[in-house]
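Structure at a glance
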Amino acid sequence: MGGEIPTFSLPLERGQMEATISSEAIPESDRDLVQRHRYGDAEAFDEIYQRHAEMIYNLAYRLSGDEDQASDLAQEVFFRAFRHLERFRGRSSLKTWLYRVGLNHCRSRLARRRWFFVPVAEGDPTEGLQLVDRRRDPEARAMAGERDQILHRALAKLPLPFREVVVLCDLEGLTYEEIAEVLGVRIGTVRSRIARARGKLRVLLDTMPQEGLP
Amino acid sequence: MSRHATAEDLSAYVDQELEPVRLRLVEDHLEDCDECRDRLDGMQRLVGDLRRLKRLTPPSVLGSHLHRRIALQTRPQNLLDRVESRLGRVSLQPSVISTFALVFAFAAILYLFAGSLDLQERLRIPVLRPYPPPVSQEALEQIGGRSFLQEGGLLREEGLPKGAPVTKIPSTDPRALEVLQESPDLVYLLDAGFAVELEHLDEILRILPSEAAP
């Protein structure tokens, strides 16, 4: 991966200006990559990994709550994807398929443990979760970091089915239709589950001690 | 829309996932209802905060570890490698290890106590006895002071009147047991599958080997 981007020169008609098309302008679709992988092209999976690593890693991180655990989980997810990519029929997007593989794997792993990694906050709790603009000054950034921790802890306390939809919808930005595909449920179920999850999250944020906020 | 908007409506409204008709109803209601506008603001702040949560970059080792794992998986394997990898996979599962350990422990206990409990006798396990030397004319003459001639699978005592009635009995018959008590070496011949014909108390008996007994 990486390396020089190949370019293709088109044959010119008389009087036409020279034109060059870069392959970068025409990104290869995920389905083409899957096809190349099926034909044994090792670089195809590298490209798939590059495109989706951040997405799967963050999913694993938000579901497990720990960076090391997320790294292990993400590696397992991609290894599974590598072994089972031939089963991908293209009925959904590769992104949705990877999310499904990732979610199933995280569920099975996380179901074995009853704990969740929660960062330890420092300082005294003084204020609730009042939203502040993320300005560029250090104080605002520090507050934003602490708020991230509070949200992270609240997420950790959400039951897994609710945590999943919040992560997929609000953190990963999937549409309701995509979430329904990933979870294998109807859109109506997704809609109500998200609403309930947000309600529970709001209650958690209102009741939990707000350590670390100035 | 006379009643307040539901949490599900507001949640879907924030995600722009409301159907057009429902969207219009909710928007109309929001224009007139301060309470629902406040609830909507709260939900928008929560969702905004979640969406601004910092995304993590996957560690660089994740890709290299995955590469190495895939390389191990895809390299051509000889038989030894395949066995090794299978064993490696099995060894990852604690349940398999504990099962093997239990089976091994049980087998060890059974082996250690088999002698003292005399299990061979209890279970009627056939005991291997020293086998007699190959049957020969000389050897036959030594058995119980009698001379025997071999006729196929039958060892016939020398000198028996021809045409006399013969009583066939199994080796477990009381008369056979009397004979075997007198000449214990005959047991070896019966075990070897020979039938033995001899005179006993004015009667000609043919002692059948245990497998062939009627």
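Residues numbered from 1 in each chain as written. Chains lettered and ligands numbered in written order. Predicted model: local features only at pLDDT ≥ 70, side-chain atom pairs only at ≥ 80, totals over all residues. Heavy atoms only, no water.

Details of the overall build of chain A
As a reminder, the rule being used: Strands are runs of DSSP state E lasting at least two residues, helices are runs of H or I lasting at least four, and both sets are numbered from the N terminus onward. Every accessible area reported is derived by Shrake-Rupley at a probe size of 1.4 Å, with residue values counting cover from the shown protein chains alone.
Each helix and strand in chain A was counted, giving eight helices and two strands. When the accessible surface of chain A is split by element, carbon and sulfur atoms take 48% of a total near 11800 Å².

Observations regarding the pattern of salt bridges
Stated formally: By convention in these notes, a salt bridge is any Lys or Arg side-chain nitrogen within 4 Å of a carboxyl oxygen on Asp or Glu. Residue exposure (1.4 Å probe, protein chains only): buried if accessible area is under 20% of the type maximum, exposed if over 50%, otherwise partly exposed.
According to the stated counting rule, one finds 22 salt bridges over all chains in the structure shown. Between A:Glu54 and B:Arg55 there is a salt bridge, with its nearest N and O atoms 3.1 Å apart. Of this pair, A:Glu54 sits in helix H2 (residues 42-64) while B:Arg55 sits in the loop between helix H3 (34-51) and helix H4 (60-74), which puts the two residues in different chains. Measuring nitrogen to oxygen at the nearest pair gives 2.8 Å for the salt bridge that ties B:Arg51 to B:Asp15. Of the two residues, B:Arg51 is situated in helix H3 and B:Asp15 in the loop between helix H1 (7-14) and helix H2 (20-32); the sequence distance between them amounts to 36 residues. Look at B:Arg51 and you get partly exposed, because its relative accessible area is 42%.

Some details on the confidence of the model for chain A
The cut-off we apply is this: pLDDT expresses how confident the predictor is about each individual residue, on a scale running from 0 to 100. Should any heavy atoms of two residues lie within 4.5 Å, those residues are counted as being in contact.
Within chain A, residue pLDDT values average 77, and 69% of them lie at 70 or more. When the criterion is pLDDT under 50, residues 1-25 of chain A qualifies, and its contacts beyond four places in sequence or with other chains add up to 23 contacts.

Topic: the packing of helix H6 (residues 160-171) of chain A against helix H8 (residues 187-207) of chain A
When two helices pack together, you describe them by how their axes are tilted relative to each other and by the distance separating the axes. Residue and element names in this part refer to chain A. Applicable threshold: To obtain each axis, a line is fitted to C-alpha atoms, and for helices this fit is confined to the stretch in contact; angles are then taken between N-to-C directions over 0 to 180 degrees. Oblique is the label for any angle not under 35 degrees, not over 145, and not in the 65 to 115 range, which are roughly parallel, roughly antiparallel and roughly perpendicular in turn. Just so you know the grouping, Ala, Val, Leu, Ile, Met, Phe, Trp, Tyr, Cys and Pro go in nonpolar, Asp, Glu, Lys and Arg go in charged, and all remaining residues, Gly too, go in polar.
Direction vectors running N to C along H6 and H8 enclose 100°, while the axes themselves pass 9 Å from each other. In terms of orientation, H6 lies roughly perpendicular with respect to H8. Judged by residue contacts, Pro161, Phe162, Val165, Val166, Cys169 and Asp170 of H6 engage Arg193, Ile194, Arg196, Ala197, Arg198, Lys200 and Leu201 from H8. A per-class count over the contact of H6 with H8 returns eight nonpolar, no polar and five charged.

Describing the packing of H2(A) against helix H4 (residues 94-110) of chain A
All names here are of chain A. This is how it is decided: Crossings are sorted by hand: turned counterclockwise from the far helix by less than a right angle, the near helix makes the crossing left-handed, and turned clockwise it makes it right-handed.
Where H2 meets H4, the closest approach of the two axes is 10 Å, and the angle between their N-to-C directions is 35°. Relative to H4, the crossing made by H2 is right-handed. Within the contact between the two elements, H2 uses Ile48, His52, Met55, Ile56, Leu59, Ala60, Leu63 and Ser64 and H4 uses Leu94, Lys95, Leu98, Tyr99, Gly102, Leu103, Cys106 and Leu110. Each residue belonging to the contact of H2 with H4 can be placed in one class, and the counts come to twelve nonpolar, three polar and one charged.

Structural notes on the sheet that holds strand S5 (residues 203-208) of chain B
All names here are of chain B. The following threshold applies: Only strands that DSSP links by at least two bridges are regarded as paired with each other.
Spatial ordering of the open sheet is given by S1-S2-S4-S5-S3, a layout of five strands whose pairing is mixed. With one partner strand each, in any of the chains shown, strand S1 (148-151) and strand S3 (166-170) form the two edges of the open sheet. Pairwise comparison of adjacent strand axes, ignoring direction, gives a mean angle of 25° for this sheet. Both S3 and S5 contribute to a ladder of five bridges, which runs parallel. Across the sheet, residue Pro170 finds its bridge partner in S5, namely Leu208.

Focus: the pairing of S5(B)
Residue and element names in this part refer to chain B. In this sheet, S5 lies alongside strand S4 (residues 195-200) in antiparallel orientation, the contact comprising five bridges. Pairing of Glu197 across the sheet is with Arg206, part of S5. Taking the residues between adjacent antiparallel strands as the criterion, S4 and S5 are bridged by two residues, where Leu201 takes a positive phi near 50°.

Overview of a nonpolar patch on the surface
Residues and elements named next belong to chain B. This is how the line gets drawn: Patch membership needs two things, relative accessible area over 30% and no salt bridge, and members are linked within 9 Å if like-charged or within 5 Å if nonpolar (Val, Leu, Ile, Met, Phe, Trp, Tyr).
A cluster of nonpolar side chains, Ile109, Tyr111, Leu112 and Phe113, forms an exposed patch at the surface whose accessible area comes to about 520 Å². With respect to the element layout, Phe113 can be found in helix H6 (residues 94-117). In this structure Phe113 comes out as partly exposed when scored by relative accessible area, which is 47%.

Quick notes on the packing of aromatic side chains
Residues and elements named next belong to chain A. Rule in force here: For Phe, Tyr and Trp, where Trp contributes only its six-membered ring, two rings pair if their centres lie within 6.5 Å, and the inter-plane angle classes them as stacked under 30 degrees, edge-to-face over 60, or tilted in between.
Under the defined criterion, the tally for this structure stands at four aromatic pairs over all chains. For the pair Phe45 and Phe78, a centre-to-centre distance of 6.5 Å together with 80° between the ring planes defines the contact as edge-to-face. Taken together, the residues span a long stretch of sequence, with Phe45 in helix H2 and Phe78 in helix H3 (residues 67-84) at a distance of 33 residues. Phe45 gets classed as buried once you look at its relative accessible area, which sits at 3%. Classification of Phe78 as buried rests on a relative accessible area of 0%. Following the ring pairs from residue to residue traces out a cluster consisting of Phe45, Tyr49, Phe78 and Phe82.

Description of a negative patch on the surface
Formally: Neither His nor the chain ends contribute to the count of charged residues, in which Lys and Arg are positive and Asp and Glu negative. Every charge is mapped to an atom, namely NZ of Lys, CZ of Arg, CG of Asp or CD of Glu.
Negative charge collects at one region of the surface, where B:Glu27, B:Asp28, B:Glu31 and B:Asp32 lie side by side. Turning to its location among the elements, B:Asp28 is positioned in helix H2.

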